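Architecture and fold: a report
Given next are the chains, with one letter for each unit.
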Amino acid sequence: MHIVVCIKQVPDSAQIRVHPVTNTIMRQGVPTIINPYDLFSLEAALAIRDEHGGTVTVLSMGPPMAADSLRRALSIGADRAVLLTDRFFAGSDTLATSYALATAITKIASDQPVDMVFCGKQTIDGDTAQVGPGIARRLGFHQLTYVESVETIDRARRTVIVRRRAEGGVQVLRSELPCMVTMLEGSAVVRRGSMADALRAARADVTTWSAKDAGIEDISQCGLRGSPTVVRKVFAPQPRKEKAVLIEASAHDPVHMAEATIDTLFAALPGLNAELHAAAAR
Amino acid sequence: MSNEAPRSAAKKQLPEHFKAYTGVWVYIELERGQVHSVSWELLGEGRKLADQLKVPLAAVVLGPPDGSARAAVADSFCYGADRAYLMESALLADYRNEPYTRAMTDLVNTHKPEVLLLGATTLGRDLAGSVATTLKTGLTADCTELAIDAERSLAATRPTFGGSLLCTIMTLNVRPQMATIRPRVMAMPQRVDAPVGEVVEVPFDMAEDTIITKVIDFIADSSRDKVQLAYADIVVAGGLGLGNADNLRHVRELARVLGGEWGCSRPLVQKGWAPADRQIGQTGKTIRPKLYIAAGISGAIQHRVGVEGADLILAINTDKAAPILDFAHYALIADAAVALPALTTAFARRLGPAVRLAG
Ligand SMILES: Cc1cc2nc3c(=O)[nH]c(=O)nc-3n(C[C@H](O)[C@H](O)[C@H](O)COP(=O)(O)OP(=O)(O)OC[C@H]3O[C@@H](n4cnc5c(N)ncnc54)[C@H](O)[C@@H]3O)c2cc1C
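Owing to the predicted nature of the structure, the values given are computational and were not obtained by experimental measurement.

1. A short note on the overall build of chain A
The secondary structure content of chain A amounts to seven helices and 15 strands. A compact globule built from 282 residues would reach a C-alpha radius of gyration of about 19 Å, whereas chain A, at 24 Å, exceeds it by more than 25%. C-alpha atoms of chain A, sized along the principal axes, occupy 75 × 50 × 40 Å. Element-wise, carbon and sulfur atoms account for 53% of the exposed surface of chain A, whose accessible area totals about 12500 Å². Considering chain A, the positive charge centre built from 31 side chains and the negative charge centre built from 30 side chains are found 5 Å apart.

Put into structure tokens, the structure is as follows:
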């Protein structure tokens, strides 16, 4: 089995701060992490490799420092890492991103055919959930999103059975390799990686490809030029005209505080009192 | 990489072959005989966009020939559609990416809409990503606001990363302009008995043996363990201001006495204090209750977009300067761990013997 796992380096959202005056995001000094959703996909890929044998290649598109995240993926247990980095990729939206990644996967497959591609369900920064389906479509791989578990893989028949989260239930799907899978969060406990992997990762080379190295011939499909969407404006939400009305109550008297609050709510929502009584009577 | 830097220089120069694209389409999510209510919400929103553009609003229904798709078409007219495109085939009985992507892209290529809206559900997101890639068009996910700009383009607004900021995204030079919107973000339109609109029936010409992926089983969620948070009339939620996991019980208690549901901000899920299906906000549930009580929640944009549809918001917070006071209607400046149990006791007393406090 040859499995490619696409990962993205993202700022650690827990440590993002907004500038109090300019209201812009302060990215400087914010540590980066592997997009948390990608880790569930990486774990699923490693588990399949452990069971069936083969290779897990991690692939990322990003600035040169995204090599850190690839190295981290190696330390968790991935076998090879490829970084796609080029100024032509700057400003890529999801359509342009899926073009670049799909082309790189085709190039990776020219050395060793790819059976499965794993992507994160979504990223925590863009949060679009579109790159995985985009890659599947471009490669002509079967698309299996929101997967809770990969149940069985029959390498001889090249079939795969997964449980997929749908609205109102779980679909059990039988499909074929090659396929693109996105895993649901919480689908497995992500391993920590062995000491041997950590040592290997520290010494390993991350293969770095420019657009040309990856076999991208049509630069007009990359970056801003290849992105049909444009950001018209970025703005702070309108505060409501009036701020919240402060409920007057003594902070030292919880009973008074509660009574004053309930009086306020009942006055503001005339039907509430009757509805609560009706609900309580049921 | 991200393109979330304004490109005001970008100009609209729609290529000639896209100029024929007209009309607003809403994909009606029919699964296992039932239409997801997000589809009606989107028809309500699509109606406004279509009226502004002075074009028809169409519903797109894909489904099996068992009557359910036709029923969905009839309902679409009651929620504001002027026209419906209907594809009926046994191959469309269960949602599968391959046949649905094919059906949708064929419809778009033949009937050329300028706007295509889908619900941001597991189905809608799976389908939208494939359709947009096939059509090589722009897709904006999880929009919180839609509008038509002076040049008749769709302006799709969504929260941007990590800060209290929103961004407006346009697809200027490709059609259709696609967007997904999460359930409960848009208001449910009034259902009216409408005269029947125009039904455009389109044949679906795929053969089952060309479709590789098969649905071999469907395990329905028992409705019992499905949290009804998104549809509750009263929601009480807690944030990091609760201080510890144990204090979440005050949130649950108040919700119970009020006959409502409880929820939380994202950090509580990340800390393992609460399960993921209780999270409210951009990456959790969007709620539209009559009353929302937010205790110890600062009101970050990602939380705000999930609760703005509430009729009345009461914030309980120790900080008068917390951002939530910018959009809450009332605020109680108090320690949540004190105020919540006091409210529970006081409500229980007023509601009388029908409500008993748990021991
Ligand atoms: C891509 C992305 C998606 C996100 N999605 C979501 C989402 O879906 N939902 C979500 O909620 N967040 C989401 N977030 C996180 C969001 O940005 C905030 O970090 C989060 O909402 C903050 O949670 P909080 O209000 O509980 O905590 P804090 O911001 O730490 O606020 C705690 C509040 O409690 C108050 N307080 C402190 N002590 C007390 C006390 N004793 N009594 C009463 N009040 C007290 C404080 O004054 C403060 O206002 C997302 C972030 C990103 C980057």
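2. Regarding the sheet that holds strand β7 (residues 80-84) of chain A
Two pairing modes exist for strands in a sheet, parallel and antiparallel, and in both the strands are linked by backbone hydrogen bonds. Strand order in this open sheet of ten strands is β13(A)-β7(A)-β6(A)-β1(A)-β8(A)-β12(A)-β9(A)-β10(A)-β11(A)-β13(B), and the pairing throughout is mixed. The sheet is open, and its two borders are formed by β13 (207-209) of chain A together with β13 (214-220) of chain B, each paired with just one other strand. Taken over all neighbouring pairs, the strand axes of this sheet differ in orientation by 30 degrees on average, direction set aside. In this sheet, strand β12 (residues 179-183) of chain A lies alongside strand β8 (residues 116-120) of chain A in parallel orientation, the contact comprising five bridges. Of the residues in β12(A), the one forming a bridge with V117(A) is M180(A). Here helix α3 (residues 94-111) of chain A sits on the sheet in contact with β1 (2-6), β6 (55-61), β7, β8 and β13 of chain A, set at roughly 145 degrees to β6(A). Where helix α4 (residues 131-139) of chain A meets the sheet, it contacts β1, β8, β9 (142-154) and β12 of chain A, and its direction lies at approximately 160 degrees from that of β8(A).

3. As for the interface of chain A and chain B
Counting residues at the interface gives 90 residues for chain A and 93 residues for chain B. Here chain A meets chain B over a buried area of about 8400 Å², counting both sides, of which 60% is carbon and sulfur. Sorting the residues of chain A by area buried against chain B places E167(A), V231(A) and R232(A) first, and these three jointly supply 9% of that buried surface. Residue R165(A) pairs with D221(B) through a salt bridge whose shortest N-O separation is 3.0 Å. Here chain A is connected to chain B by 32 residue pairs in polar contact (both at pLDDT 80 or more). In terms of residue count, helix α6 (residues 254-268) of chain A provides more of the side of chain A that touches chain B than any other element does, eleven residues in total. Class assignment of the residues belonging to the side of chain A that touches chain B gives a composition of 44 nonpolar, 25 polar and 21 charged. For strand β11 (residues 169-176) of chain A and β13(B), the ladder comprises six bridges, and the chain directions are antiparallel. Bridge pairing in β13(B) places G169(A) opposite A220(B).

4. Things to note about the state of the cysteines
Enumeration according to the criterion identifies zero disulfides over all chains in this entry. C119(A) takes part in no disulfide bond, and the closest cysteine sulfur, belonging to C6(A), lies 4.1 Å away.

5. Focus on the domain arrangement of chain B
Residues and elements named next belong to chain B. Partitioning chain B into structural domains gives domain 1 (4-210) and domain 2 (229-358). Placing a centre on the C-alpha atoms of domain 1 and another on those of domain 2 gives a separation of 33 Å. Domain 1 puts 19 residues into the contact, and the matching count from domain 2 is twelve residues. Carbon and sulfur atoms make up 46% of the surface buried where domain 1 meets domain 2, a total of about 1100 Å² over both sides.

6. Some remarks on unusual backbone geometry
Residue P178(A) is reached from L177(A) by a cis peptide bond, and omega for that bond is -5 degrees. For P178(A), the location among the structural elements is in the loop between β11 and β12. Note the cis peptide between R175(B) and P176(B), where omega equals -5 degrees. Within the secondary structure, P176(B) sits in the loop between β10 (166-171) and β11 (177-181). One non-glycine residue, R32(B), lies in the positive phi region at around 50 degrees. Note that R32(B) resides in the loop between β2 (30-31) and β3 (34-35). Its relative accessible area of 45% is what places R32(B) among the partly exposed residues.

7. Here's the deal with the environment of T229(A)
Inspection of the secondary structure assignment puts T229(A) in strand β14 (residues 229-235). Distance from T229(A) to L95(A), taken between C-alpha atoms, is 8.9 Å for residues 134 residues apart in sequence.

8. Considering the side chain of T140(B)
Here T140(B) lies in strand β7 (residues 139-140). Once you skip the residues sitting within four places of it in the chain, T140(B) turns out to touch Q130(A), T229(A), A156(B), R158(B), I169(B), M178(B), A179(B) and T180(B).

9. Side note on the pattern of salt bridges
Pairs can form between side chains of opposite charge whenever their charged atoms are close. All names here are of chain A. Scanning the model with the defined rule gives 37 salt bridges over all chains in all. Between D50 and R191 there is a salt bridge whose closest N-O contact spans 2.8 Å. Remark: R191 occurs in the loop between β12 and α5 (195-203) and D50 occurs in helix α1 (residues 36-52); sequence separation between them is 141 residues. For R191, a relative accessible area of 26% translates into the label partly exposed. D154 serves as the salt-bridge partner of R157, at 3.0 Å between the closest nitrogen and oxygen. Salt bridges sharing common partners tie together E43, R49, D50, D79 and R191.

10. Some points on the packing of helix α3 (residues 97-111) of chain B against helix α4 (residues 122-135) of chain B
Residue and element names in this part refer to chain B. Direction vectors running N to C along α3 and α4 enclose 50 degrees, while the axes themselves pass 9 Å from each other. The angle between α3 and α4 falls in the class oblique. Seen along the crossing, α3 lies across α4 with a hand that is right-handed. Seen from α3, the contacting residues are N97, Y100, T101, M104, T105, V108 and N109; seen from α4, they are D126, L127, S130, V131, T134 and L135.

11. Digging into the sheet that holds strand β5 (residues 83-88) of chain B
Residues and elements named next belong to chain B. Spatial strand order, β7-β11-β6-β1-β4-β5-β12: seven strands in an open sheet with parallel pairing. In this open sheet, the two strands that pair with only one neighbour each are β7 and β12 (198-201). As paired elements, strand β4 (residues 57-63) and β5 share six bridges and run parallel to each other. When the sheet's bridge partners are listed, A58 is paired in β5 with R83. Across the sheet, helix α2 (residues 68-78) is in contact with β1 (24-28), β4, β5 and β12; its angle to β5 comes to roughly 170 degrees. Taken strand by strand, α4 contacts β1, β6 (115-119), β7 and β11, and its axis lies near 150 degrees from that of β6.

Calculation rules
- Residues numbered from 1 in each chain as written.
- Chains lettered and ligands numbered in written order.
- Predicted model: local features only at pLDDT ≥ 70, side-chain atom pairs only at ≥ 80, totals over all residues.
- Heavy atoms only, no water.
- Helix = DSSP H or I, 4+ residues; strand = E, 2+ residues; numbered from the N terminus.
- Rg over C-alpha atoms; globule rule 2.2 N^0.38 Å.
- Areas by Shrake-Rupley, 256 points an atom, 1.4 Å probe, with all protein chains shown as cover.
- Lys, Arg positive; Asp, Glu negative; His and termini not counted.
- Charge placed at Lys NZ, Arg CZ, Asp CG, Glu CD.
- Pairing = 2+ DSSP bridges.
- Axes fitted to C-alpha atoms, helices over the stretch in contact; angles between N-to-C directions.
- Contact = heavy atoms within 4.5 Å.
- Buried area = accessible area lost by both parts, 1.4 Å probe.
- Salt bridge = Lys/Arg side-chain N within 4 Å of Asp/Glu carboxyl O.
- Polar contact = N/O pair within 3.5 Å; in protein donor to acceptor, adjacent residues only side chain to side chain.
- Nonpolar A, V, L, I, M, F, W, Y, C, P; charged D, E, K, R; others polar.
- Disulfide = S-S within 2.5 Å.
- Domains from an automatic or database assignment.
- Buried < 20%, exposed > 50% of the residue type's maximum accessible area, 1.4 Å probe, protein only.
- Parallel < 35°, antiparallel > 145°, perpendicular 65-115°, else oblique.
- Left-handed = near helix turned anticlockwise from the far one by under 90°.

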